[in-house]
Amino acid sequence: MVISLHDVVVRLGDVDALRGATLDVDARTVAVIGENGSGKSTFARLLAGLVPAASGTVRVLGLDPARDVTELRRRVAVIFSNPDAQIVMPTVAEDVAFSLRPQRGHRKEDRDAAAARVAAALARFGLTDLAERPAHDLSGGQKQLLSLAGAFVREPELVIADEPTAYLDARNARLVSDHLLADSGHRLVLATHDLALARRCDVAVLFADGQVRAVGDPAEVVAEYEALLTC
Amino acid sequence: MLSLYRAGDSPLHRMPAGPKLVLLVVLVLAVSLLPTAPWAAGVSVAVCVVAYLFGGGMPQLAVLAQQFWALKWVVAFMLVGQLIFLGPVPAVLNTMRVTAAVLLATLLALTTRVTALLDALERGLAPLRFVRIDPARVALMLTVTLSTLPVMGRIAHDVREAQRARGARAGVRTFAVPYLVMALKHADELGDALAARGVR
């Protein structure tokens, strides 16, 4: 099972953002939908080990995010909605290379191997010509592609994306979505408000009031969500 | 990050970041400690020009001129302050030396990638391990601090724009509160992004 939650409660201050969420999913691409405040982002952050569960059990790729943090960071990458907050280094190439710092050795072969992976990631996301450009000078779409390059350069087993197209125009949103959904050996958990994008995933999960309301075929789950919106 | 780095193949570009850092620190200190005399000011300017020539030949002199121009208000402030208290000759000589020292320090950023500086800092700060300070964290902290400056500038611009759009008068309180809120939000998001990229 890729993701397994049993009766999970996540408390953010005085608010229970997740209230007894239970879910077992094993699919290559999973869309997570729901209204603002329904628990989607908290769910994504829980899987990434960025917020702890107050109670219940959580397993991601068989790991406990609270206990197996180092292993989780090695195997899981996260994309956030705001690409500005993900830029750490001054230039595009250096920012991608930064993702490999924690696992990079100090020998010349390690550095050369890391440089080759960075070059491949830049090429994959169409950033080769921008490699020496200041990262903060890129457009919003280019910055989000840089975030993807920084995530995928680590060759993660699972990518968790929290509304990655929220700040993008239609063209860039499509480009980013295509990259995320492409089968390159990774699994994807995608929290999104874009219902057309959710329909392109293998499974959809609907959150409401901090609980899992529906899991299954994206067309059916999206239809259930749309029915809720018209109530 | 405020990166001044310009790609090149000069001797200074090829020099490892650690020795280059030490060399430029020594030069900056030497220039700073020279006496207030016409020959010392001349030597400072000559050292600066020669160092820039090593950093990229004649084209680098245009970069030197650009960097000097970027410092014009700092130079003017130094000059005016010293003119009042020290008189014209010491003011000009001191300003020449200090400006040369600042321009020499800038040469490090012009010829060194931040990644290389980060590695050099980590190695240089390695003895801190004996007092239980992680040099990698210190180097990263410096990098993140610098990388956040343009973001803080953009947040300030956004807050001012939002105030103007709503017809609010400029004021410390009306600016500081939303600015702090947005800065703290950015800090939270950046912390999450760093954690997600394996930084602990």
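Going by the structure above, here's the rest.
Quick notes on the rules
- Residues numbered from 1 in each chain as written.
- Chains lettered and ligands numbered in written order.
- Predicted model: local features only at pLDDT ≥ 70, side-chain atom pairs only at ≥ 80, totals over all residues.
- Helix = DSSP H or I, 4+ residues; strand = E, 2+ residues; numbered from the N terminus.
- Buried ≥ 20, exposed ≤ 12 C-beta atoms within 10 Å, placed from the backbone.
- Contact = placed C-beta atoms within 7 Å.
- Core = buried A, V, L, I, M, F, W, Y, C linked by C-beta atoms within 7 Å.
- Domains from an automatic or database assignment.
- Axes fitted to C-alpha atoms, helices over the stretch in contact; angles between N-to-C directions.
- Left-handed = near helix turned anticlockwise from the far one by under 90°.
- Nonpolar A, V, L, I, M, F, W, Y, C, P; charged D, E, K, R; others polar.
- Pairing = 2+ DSSP bridges.
- Parallel < 35°, antiparallel > 145°, perpendicular 65-115°, else oblique.

Asker: I would appreciate a short explanation of the overall build of chain A in the present structure.
Answerer: Looking only at helices and strands, one finds eight helices and nine strands in chain A. Over its C-alpha atoms, taken along the principal directions, chain A stretches across nearly 55 × 40 × 30 Å. Here chain A, with 231 residues, has 48% of them falling under the buried criterion. Put simply, 66% of the contacts in chain A that link residues at least 6 apart link residues at least 24 apart.

Asker: Please clarify how the nonpolar core should be interpreted in this entry.
Answerer: Judged by nonpolar contacts, the single largest core of 103 residues is most densely connected at A:V32, A:A149, A:I160, A:V189, A:L190 and B:L104. The biggest single contributor to this core is helix α6 (residues 88-111) of chain B, with nine residues. Both domain 1 (11-124) and domain 2 (131-196) of chain B contribute no fewer than three residues apiece to this core. Sequence-distant contacts of B:L104, defined by excluding residues within four places in its chain, comprise B:L24, B:L27, B:V28, B:V31, B:C48 and B:A51.

Asker: Before we go on, may I ask you to explain the packing of helix α7 (residues 114-124) of chain B against helix α8 (residues 135-165) of chain B in this structure?
Answerer: Axis angle and axis distance: for two packed helices, these are the angle between their axes and the distance between the axes, and together they describe the pair. All names here are of chain B. Close contact between α7 and α8 brings their axes to 8 Å; oriented N to C, the two are set at 145°. Along this stretch, α7 crosses α8, giving a crossing that reads as right-handed. Listed contacts from α8 to V114, L118, L121 and E122 of α7 are P135, A136, A139, L142 and T143.

Asker: Sorry if this is basic, but what is going on with the interface of chain A and chain B here?
Answerer: Size of an interface, as often reported, equals the accessible area lost when the parts are brought together. At the junction of the two partners, chain A supplies 25 residues and chain B supplies 22 residues. Mapped by element, the contributors of at least two residues to the side of chain A that touches chain B are β5 (76-79) and α3 (92-98) of chain A. Residues of the side of chain A that touches chain B, tallied by class, amount to 14 nonpolar, seven polar and four charged.

Asker: Sorry, what's going on with the sheet that holds strand β1 (residues 3-12) of chain A here?
Answerer: Two orientations exist for strands paired in a sheet by backbone hydrogen bonds: parallel and antiparallel. All names here are of chain A. What the three strands build is an open sheet, ordered β2-β1-β4; its pairing is antiparallel. In the strand order of this sheet, the two ends are held by β2 (15-25) and β4 (55-60), each with one partner. Along the sheet, successive strands turn relative to each other by an average axial angle of 30°, direction set aside. Note: β1 against β2, eight bridges, orientation antiparallel. Bridge assignment links V9 to a residue of β2, and that residue is R19.

Asker: Looking at this structure, how should I read the environment of B:V31?
Answerer: Residue and element names in this part refer to chain B. Locating V31 in the fold gives a position in helix α2 (residues 17-33). Taking the C-beta count within 10 Å as the criterion, V31 has 26 such neighbours and is therefore assigned buried. Separated by 32 residues in the primary sequence, V31 and V63 have C-alpha atoms spaced 20 Å apart. Beyond its immediate sequence surroundings of up to four residues, V31 is in contact with S44, V47, R97, A100, A101 and L104.

Asker: What am I meant to see in the packing of α2(B) against α6(B) here?
Answerer: All names here are of chain B. For the pair α2 and α6, the least separation of the axes is 9 Å and the interaxial angle reads 175°. Compared by their axis directions, α2 and α6 come out roughly antiparallel. Contact residues: α2 offers K20, L21, L24, L27, V28, V31 and S32, while α6 offers R97, A100, A101, L104, A105, L107 and L108. The class makeup of the residues in the contact of α2 with α6 is eleven nonpolar, one polar and two charged.

Keep in mind that these numbers describe shape and distance, not what the molecule does.
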